[in-house]
Amino acid sequence: MTRSATPAPPVPAPQPPGGWVSCPACGWLLYRKRLDRDLHVCPECDHHLRLGARARIDLLADPGSWAETHFAPSAPDPLAFTDLRDYPDRLAEAERRSGESEAVVVGTARIGGAEVVLAVMDFGFLGGSMGVEVGRRVSGAAELALERGLPLVTVCASGGARMQEGVFSLLQMARVSCAFGRLREAGLLSVCVLTDPTYGGVSASFATLASILVGERGAHVGFAGPRVVQETIRAELPRDFQTAEFLMSHGLVDRVESRAELRPLLVRLLALHGAGPAPEARGDDDPADAPAVAEDDGPDADTDTDDLDDTDADPWDVVQRARVTERPTTLDYLHTAFDDFVELHGDRVFADDPAVVGGVAAIGGRRVVVLGHEKGHTVRERVARNFGMPHPEGYRKALRLLDHAESFGLPVVTLVDTPGAHPGPEAEERGQSHAIAEAILRSSRLRVPVVSVVTGEGGSGGALALCTSDRLLVMENAFLSVISPEGCAAILWRTAVAAPTAARAMRLGAAHLRSAGIATAVVPEPPGGAHTDPLAAAGLLRRALVRELDDVCRLDAATLLDTRTRRLARISGDDGRPLQPVGS
Amino acid sequence: MATSELSARSAGPDAVDDVRDLHDEVVALARDLPGGLRRLTVRDGDRAVEVEWATGPAEAPAAAVVPVAAVVPAPVAAGPAETEGTAVRSPLVGTFYTAPSPGADPFVRVGDEVEPGQTVGIVEAMKLMNPIVVDEAGVVADVLVGDAESVEYDQVLLVLRPAGGPR
Amino acid sequence: MIDRLLIANRGEIAVRVARACRELGIEVVAVHSTSDRDSAVVAMADEAVHIGPPAPRRSYLHVPNIVEAALRAGADAVHPGYGFLSEDPDFAEICAAEGLTFVGPPPAVMQQMGNKATARRLMAEAGLPLLPGVVEPVRTAEEGRAIADEIGYPVIVKAAAGGGGRGMTVVREPEDFDEAFTTTRAVARAVFRDPTVYVERFLSGARHVEVQVLCDAHGNGISLGERDCSLQRRHQKLLEEGPAGHLTPEQRTELGRLAVHGALSVGYTGAGTMEFLVDGTGAAYFMEMNARIQVEHPVTELLTGVDLVREQILVAAGRRLQLRQEDVVPRGAAIECRINAEDPTRGFAPAPGRLEVLHVPDGPWTRFDTGYRQGDTVSPDYDSLLGKLVVWAPDRDQAIRRMDRALAEMRVEGPGVHTTIALHRALLRDPDVVADRHDVQFLDRCLPAVLARAASLDAAAPGLPASRGGLQLVPTPTADPRPDRSTEGEIPCPPRPSLSTT
């Protein structure tokens, strides 16, 4: 761990003269001018050739916005190190070859108009290794961000800690981690772009400590290099071992992007976290236009009746409509009811659960964190999404996104549509109950507003993990239940055929939830259900969300927590009589 | 130009199966035929199979080759697979070099054993030297292209026979 | 001078270029992929080089192999044909760097014309009228409404990722704009996952008219008349004709003048095409420039008697244009039908296969350009153009009859092979097409009706019934007033729905 943990791939040999180069991955002949225009990505095999720091800055920063921060020269070579050559010689040569004075370049820039601090590593300088000066500059970049209240964007490419500076290099991991910790405490956004390769002391410090981690397509990122791993375990490693894609499937990075997509993504991420221009509203959010929505003004109003009472919809019809495979899913709503959405993947621990989606979004000029169950539509999608039944890693993704929302003061919207949490041995091994419980607890005490919408099936605890909120909306053909009607029928009626009867007995449906004071409002659907006109359904959901968010975002954190606690305490079958100690 | 049109271009499932069957037959046929093949043309309409064997080094490879065609009935009953040789072909149009630099020893000579990953020649294209690497072990049976001669795509550069096989 | 020319293409255009070279005494180097090794152009060529496997990106688009083939075969020039590398400025630049004459405009000009926004700006500067609208994406409804107010209604809101009639909404009144804008964006976001939209003036009843130009490297340029290519399906041309009968002689002359002026203003050399949209009043708007020889160039060749490929090669070799504008006198009418190996009844799915029978029509002023011979196989790896049937006649009515006769003579048979022959015969029987009052949306709108007519046509369907007027040897363009195209009630097909999400 102290050494450059990877066998750092050799610095690419100086390219031969002439207009052509051959792709290091597939050997395809590439016209250099076109390769430059293609951002050094091979059109044949999509290999992302390595880029120097300056090319990275050109790629990411608004033209002309880069202002480099210059650091006073420090005393290099603390150990007076000599291997085959003197270390100062190596430094001088690295400087000559890369044109940089160290393996990281720091400055300020604008990305899509948003002012940021930008720190970019250059693998061409001694393999991007981190010694004292790199540690100083990276922590300097974090301090600059703190001082100016700016987001920090880092681009990593490093073999790890620098051997020639020995234990001084090792301690830089603590120095930069501490700086990133202060950034996190201050609620400042940090985004790290992990490029090929990022290893050892850099990947085990600031490279993976940013609020959002983005892997460049095909980049190799890990702690120990693949050769070290292979020699240790003496087994064949998967082909995609330690690639950005591998990391994402293991829940360790938020996204994987092609090089061309990096800048557009950063622009959107910065905007969605309040840097740069405010998110654009669609201009159709005039609440005066909103159709009549059955709602009450607050949790205290429980007397008004509306046209969506129990007699309107048979609970079994509701159950069936909520389960229609064409019914819009969370991702559908994210692309139609919201103005922008960037999905953030993974629980940062184990996996990315496709049954739960989440990320940052914009709606009606407001930035939010959105979480929801995702079922998919086609058989293939539904299997891939496990029919919207989350594993513990799904709830842990939700948990860490709740933290993300609180860190950046973003309200949370959850969209609930699940048959329930996945019942299975792996889910139990990984602590399904605990994961659900933590998600409920976290959302019950979150210092930012939470608006939940049951958009389809609200199956048991698996649904409740995303339902604990300040406002609970329920769509006209949605329900929340303690058990599926089939399950209830099988247990109590001893036959699943009795499911319709069970559904009626449990009074499933929006109307009952509303009249019982559990749901705070009902979101109407197009006649026949949301699936008959998904765009119209999205419009109705959007209006309801904009209205509720406007309302609930007026409250400060203390009021919010207090009201939420009282709201949860009042939910019972007996019209919310407070608990009275007997005999008092 | 629309994507739908492009995707529509892909053959239907039946056509894919036909192609797969044909492919399998051709592979079996190529395995069964003796000698290093230069070209194998299969026509479905008249059910003709044209075979062109790799010729000896006496023939100038850059010159237009008169097809030495033989017609064999198809399909061929599968016999014992006896691979006589593997052709190493040029992936590019360019100039073939047998040695790393002028006057240097050639990468390989007839009779040399080669290992997978070994460079056996270079094709220069757009002033870049593209190493020709073999992907299986064998013994160089023949080098068909002289040093600094032009080669076209898919032209056989040299022929390998299995190591330890009959000479 | 050019002595030996490499044709970096395949199929009918490769044969067409090889023929021009033969007539000019230029030696021909053909390149071919594995699947084209026995093609017609390979048989015609002085030398043929195998450049790669069937997949175009590894053969006809693989610049290193093509350039190396040219150098190794001793060629001194490269003709790119159309498609493939013909509009790739890098390829032109690489050829020049290797000392090869590229038959086409200078790379920098090609680059400019290849970028739609740059081309529009340059042509606007040269004084060509542009279709009002913005090239930049429109972000908000307010911004879009301001643009629409400026350019005037009706406007069309188009999804950048859309195409072929999908993801676009026509807005006729300002009060409908916001709704249309929001819906189009929502649809674009939902269907294409990209909400980017543009706002442009919408032309109803527009025609696609393009002007052929030819410029030398000495600052001379001429126009060779225009072609009408309004019969297209999802921007794929099916039938082209000339002249554009709906233009007045004055409009025609002015369009030709503008086209030459625009081309010369950017230093264009060689053969090129300026594409315009022409509305019902005859007002023309520049759309884009094609910096290459086009598929439909034979229409112009038959109208003017000028061998465009020959002139293109001579100009590339540095020769001054020998033709003056007054030498170009288009005569009569010409029609080209693209005979594609496609099945129109199955969404124009490519229907390649072995051509067991290929009987090519013949007769007076009947030309068939193809790269295939009987017994050849149409490969699924490339475009499905089997050949181009082109006829000339003294007037449009005769040209239609001649084309129908030629189409009836044509026979293409083989397992799995389908063609667009019957579709063309049906098109030539459509009242709107016969009356020359169709527009660019005609096929997208009326295809089902045309297909139904094609299905009812037997392969041996009789020719067109005798016309009332009998044979006319002299074109009488002014004697027959154009039908009133403003009478929308005459159009039998329902208007296309303004928004399609399918």
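Residues numbered from 1 in each chain as written. Chains lettered and ligands numbered in written order. Predicted model: local features only at pLDDT ≥ 70, side-chain atom pairs only at ≥ 80, totals over all residues. Heavy atoms only, no water.

**What about the sheet that holds strand 10 (residues 149-151) of chain B?**
Overall, antiparallel pairing links the 4 strands, which are arranged 8-7-5-10 (chain B) in an open sheet. Each having just a single partner strand, strand 8 (128-133) and strand 10 of chain B make up the two edges of the open sheet. Pairwise comparison of adjacent strand axes, ignoring direction, gives a mean angle of 40° for this sheet. Sitting on the sheet, helix 3 (residues 63-72) of chain C touches strand 5 (94-97), strand 7 (119-125) and strand 10 of chain B, and the angle it makes with strand 5 of chain B is about 80°. (Pairing = 2+ DSSP bridges. Helix = DSSP H or I, 4+ residues; strand = E, 2+ residues; numbered from the N terminus. Axes fitted to C-alpha atoms, helices over the stretch in contact; angles between N-to-C directions. Contact = heavy atoms within 4.5 Å.)

**A closer look at the interface of chain C and chain B**
Every contact between the two is made by 27 residues of chain C and, on the other side, 22 residues of chain B. When chain C packs against chain B, the two sides together hide about 1900 Å² of surface, and 50% of this comes from carbon and sulfur. Looking only at chain C, the three residues that lose the most surface to chain B are C:His50, C:Glu68 and C:Arg72, adding up to 27% of its buried area. For the pair chain C and chain B, the number of links is 1 salt bridge. B:Lys127 is paired through a salt bridge with C:Glu98; the nearest N and O atoms lie 3.4 Å apart. (Buried area = accessible area lost by both parts, 1.4 Å probe. Salt bridge = Lys/Arg side-chain N within 4 Å of Asp/Glu carboxyl O.)

**Brief notes about the domain arrangement of chain A**
Buried accessible area, meaning the area lost when the parts come together, often serves as the stated size of an interface. All names here are of chain A. Annotation of chain A at the domain level lists domain 1 (17-49), domain 2 (51-272) and domain 3 (315-572). Relative placement of domain 1 and domain 2: their C-alpha centres are 24 Å apart. At the junction of the two partners, domain 1 supplies 6 residues and domain 2 supplies 7 residues. For the salt bridge of Asp46 with Arg217, the shortest nitrogen-to-oxygen distance reads 3.0 Å. At the junction of domain 1 and domain 2, the tally comes to 5 residue pairs in polar contact (both at pLDDT 80 or more). (Domains from an automatic or database assignment. Polar contact = N/O pair within 3.5 Å; in protein donor to acceptor, adjacent residues only side chain to side chain.)

**Considerations on helix 1 (residues 11-24) of chain C**
Residue and element names in this part refer to chain C. Given a rise of 1.5 Å per residue, 14 residues ought to cover 20 Å, and the 20 Å separating the end C-alpha atoms of helix 1 matches this to within 8%. Burial in helix 1 covers these residues: Gly11, Glu12, Ile13, Ala14, Val15, Arg16, Val17, Ala18, Ala20 and Cys21. Within two residues after helix 1, Gly25 carries a phi angle of roughly 75°, on the positive side. (Expected span 1.5 Å × (residues − 1). Buried < 20%, exposed > 50% of the residue type's maximum accessible area, 1.4 Å probe, protein only.)

**Some details on helix 5 (residues 107-114) of chain C**
Residues and elements named next belong to chain C. Every buried residue belonging to helix 5 is among Val109, Met110 and Met113, and all of these are buried. The buried residues of helix 5 occupy an angular sector of 100° when the element is viewed end-on, so they sit on one face. Among the exposed residues of helix 5, those oriented more than 90 degrees off its buried face are Ala108 and Gly114. Packing partners of the buried residues in helix 5 comprise helix 4 (89-97), strand 5 (101-102), helix 6 (116-125) and strand 13 (284-290). (Arc of directions from axis to C-beta.)

**Looking at the environment of A:Leu466**
Residues and elements named next belong to chain A. Tracing the backbone through its elements, the reader meets Leu466 in the loop between helix 16 (460-464) and strand 16 (471-475). For Leu466, a relative accessible area of 4% translates into the label buried. Sequence separation of Leu466 and Ala25 is 441 residues, and the distance between their C-alpha atoms is 45 Å. Excluding residues that lie within four positions of it along the chain, Leu466 makes contacts with Leu371, Gly372, His373, Ala398, Thr414, Val416 and Ser452.

**Considerations on the pairing of strand 9 (residues 138-143) of chain B**
Relative to strand 9 of chain B, strand 6 (residues 113-114) of chain B runs antiparallel, the two sharing 2 bridges. Bridged to B:Glu113 within strand 9 of chain B is B:Val139.

**Description of a negative patch on the surface**
Together, C:Glu173, C:Glu175, C:Asp176 and C:Glu179 line one region of the surface with negative charge. By the element assignment, C:Asp176 lies in the loop between strand 7 (166-171) and helix 8 (177-192). (Patch = residues over 30% accessible without salt bridge, like charges linked within 9 Å, V, L, I, M, F, W, Y side chains within 5 Å. Areas by Shrake-Rupley, 256 points an atom, 1.4 Å probe, with all protein chains shown as cover. Lys, Arg positive; Asp, Glu negative; His and termini not counted. Charge placed at Lys NZ, Arg CZ, Asp CG, Glu CD.)

**Concerning the pattern of salt bridges**
Scanning the entire structure with this criterion turns up 82 salt bridges over all chains. The salt bridge involving A:Glu216 is made with A:Arg259; its shortest N-O contact spans 3.0 Å. One end of the pair, A:Glu216, is in strand 8 (residues 212-216); the other, A:Arg259, is in helix 9 (residues 259-272), with 43 residues separating them in the sequence. Each member of the pair A:Glu216 and A:Arg259 is classed as buried. Across the pair C:Glu125 and C:Arg121 runs a salt bridge, and its minimum N-O distance is 3.3 Å. Here the residue C:Glu125 and the residue C:Arg121 both occupy positions in helix 6, the gap between them amounting to 4 residues, near one helical turn. Linked by salt bridges that have partners in common, C:Glu210, C:Arg227, C:Lys237, C:Glu240, C:Glu275, C:Glu296 and C:Arg338 make up one network.

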